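Structure at a glance
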Amino acid sequence: MQLRLISWFFITLNFMEYIGSHHASRVRRQGRMHPNVSQGCQGGCATCSDYNGCLSCKPRLFFVLERIGMKQIGVCLSSCPSGYYGTRYPDINKCAKCKADCDTCFTRNFCTKCKSGFYLYSGKCLEKCPDGLEANNHTMECTSIGKKNREEKRKKSNKDESKETRQESKGRAARRQNREQRENNNKTQPKKRKAPNKEENLAPVDTAH
């Protein structure tokens, strides 16, 4: 009888320890998530919290952290903002920052537009162009020597052609206006009557007696 009671005691004790450990593990799993996590979020969020904003995004949207003062809020966007590039993973799509000297980029190591004071060359932002290239302050790129002059000459040529075209158009318009004015003057001016011919008005002289 005592052995049976001791057996029941150990069985009950083991069962209580199992329940306690299962509850503790569930609490630890929940502790990794914010206590205010919600499934009914707005703005493209799949899950969110009142304090951290979006925690995960709906399919095809990019997750990015926006800093508001000392606080960072998660948001979900259809495309990454300027200064970020998108990376897609099986579980989440994220926006990662470009390099500090890069304004827009395709990947972290391939820039498409540099910040002020840097020139773009082969996907990189340089303070000084390599030998054999010159800095184009209009496009902020490193271009081959002479290309800039050719571009300026082409622009000047196009400008001169446009100026000549405008002058020719003005000349044609002025000539057309003068022609129309002459035609209007001819229409309004009265026609001069033709003077009678004196020879036709003289009566024939009879010379017969």
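Residues numbered from 1 in each chain as written. Predicted model: local features only at pLDDT ≥ 70, side-chain atom pairs only at ≥ 80, totals over all residues. Heavy atoms only, no water.

**Observations concerning the overall build of the chain**
In plain terms, the rule: For helices the rule is a DSSP run of H or I covering at least 4 residues; for strands it is a run of E covering at least 2, with both sets numbered from the N terminus onward. Here's how the labels work: a residue is buried when its accessible area is under 20% of the maximum for its type, exposed when over 50%, partly exposed in between, all with a 1.4 Å probe on protein chains only. Whether two residues touch is decided by their heavy atoms; if any such pair falls within 4.5 Å, the residues are in contact. Only the protein chains shown count as cover for residues, with accessible areas throughout obtained via the Shrake-Rupley method and a probe of 1.4 Å.
Within the chain one finds 3 helices and 12 strands. Here the chain holds 209 residues, and 18% of them are scored as buried. By sequence separation, contacts in the chain at least 24 residues apart represent 9% of the contacts at least 6 residues apart. Of the roughly 17800 Å² that the chain leaves accessible, carbon and sulfur atoms contribute 53%.

**A closer look at the environment of Met-140**
Topologically, Met-140 is positioned in the loop between strand E11 (133-136) and strand E12 (141-144). Overall, the relative accessible area of 27% leaves Met-140 in the partly exposed class. Along the primary structure Met-140 and Lys-113 are separated by 27 residues, whereas in three dimensions their C-alpha atoms are 8.4 Å apart. The residues contacting Met-140, other than those within four sequence positions of it, are Gly-117, Phe-118, Tyr-119 and Leu-120.

**Thoughts on the state of the cysteines**
Defined as follows: Our working definition of a disulfide is a cysteine sulfur pair at a distance within 2.5 Å.
With the rule as written, the count across this model stands at 8 disulfides. Linked covalently through their sulfurs, Cys-41 and Cys-48 form a disulfide whose S-S length is 1.9 Å. The sign of the -95 degrees torsion about the S-S bond sets the Cys-41-Cys-48 disulfide as left-handed. Take Cys-48: its relative accessible area is 13%, and that puts it in the buried class. There is a disulfide in this structure between Cys-80 and Cys-95, and the S-S distance comes to 2.1 Å.

**Here's the deal with the side chain of Asn-93**
By the secondary structure assignment, Asn-93 is in strand E6 (residues 93-97). Residue classification places Asn-93 among the buried positions, given a relative accessible area of 11%. Apart from the residues lying within four places of it in its own chain, the contact partners of Asn-93 are Arg-60, Leu-61, Phe-62, Phe-63, Thr-87 and Arg-88.

**With respect to the environment of Arg-108**
The condition is simple: Throughout this description, a polar contact denotes any pair of N or O atoms lying within 3.5 Å of each other; where both atoms belong to protein, one of them has to be capable of donating a hydrogen while the other can accept it, and for residues adjacent in sequence the pair is counted only when both atoms sit in side chains.
Residue position: Arg-108 is located in the loop between strand E7 (102-107) and strand E8 (110-114). Along the backbone, Arg-108 and Lys-97 are 11 residues apart, and their C-alpha atoms lie at a distance of 7.3 Å. Polar contacts involving the side chain of Arg-108 include one to the main-chain carbonyl oxygen of Lys-97, which spans 3.3 Å.

**A look at unusual backbone geometry**
Despite not being glycine, Arg-60 shows a phi value in the positive range, around 75 degrees. Of note, Arg-60 is situated in the loop between strand E2 (53-57) and strand E3 (62-68). We classify Arg-60 as exposed; its relative accessible area is 66%. Even without being glycine, Met-140 reaches a positive phi, approximately 55 degrees.

**Some words on a positive patch on the surface**
The following threshold applies: The patches described consist of residues with a relative accessible area above 30% and no salt bridge, like charges being joined within 9 Å and nonpolar side chains (Val, Leu, Ile, Met, Phe, Trp, Tyr) within 5 Å. A pairing counts as a salt bridge when a side-chain nitrogen of Lys or Arg comes within 4 Å of a carboxyl oxygen of Asp or Glu. The sign given to each residue is positive for Lys and Arg and negative for Asp and Glu; His and the chain ends receive no count. Here the site of a charge means NZ on Lys, CZ on Arg, CG on Asp, or CD on Glu.
On the surface, Arg-172, Arg-175, Arg-176, Arg-179 and Arg-182 cluster together to form a positively charged patch. Here Arg-176 lies in helix H2 (residues 147-188).

**Considerations on the confidence of the model for the chain**
Interpreting fine coordinate detail is not advised for predicted regions of low pLDDT. Note the threshold: Confidence of the predictor in every single residue is expressed as pLDDT, which spans 0 to 100.
Residue-level pLDDT values for the chain average 76, and 63% of them are 70 or greater. Low pLDDT, under 50, characterises residues 22-35; the predicted model gives this stretch 3 contacts beyond four residues in sequence or across chains.

**Notes on the pairing of E3**
Looking along a regular strand, one sees the side chains alternate between the two faces of the sheet. As a reminder, the rule being used: When DSSP finds at least two bridges between two strands, those strands are taken to pair.
Taken together, the 7 bridges between E3 and strand E4 (residues 71-77) define a ladder with antiparallel strand orientation. Each residue of the ladder has a partner; that of Arg-67, found in E4, is Gln-72. Count of turn residues in the E3/E4 antiparallel hairpin: 2 residues, of which Gly-69 carries a positive phi of about 70 degrees.

**Considering the pairing of E2**
When strand E1 (residues 45-49) meets E2, the two strands line up antiparallel, connected through 4 bridges. Bridge pairing in E2 links Cys-48 to Cys-54. Taken together, E1 and the strand that follows it, E2, pair antiparallel across an intervening segment of 3 residues.

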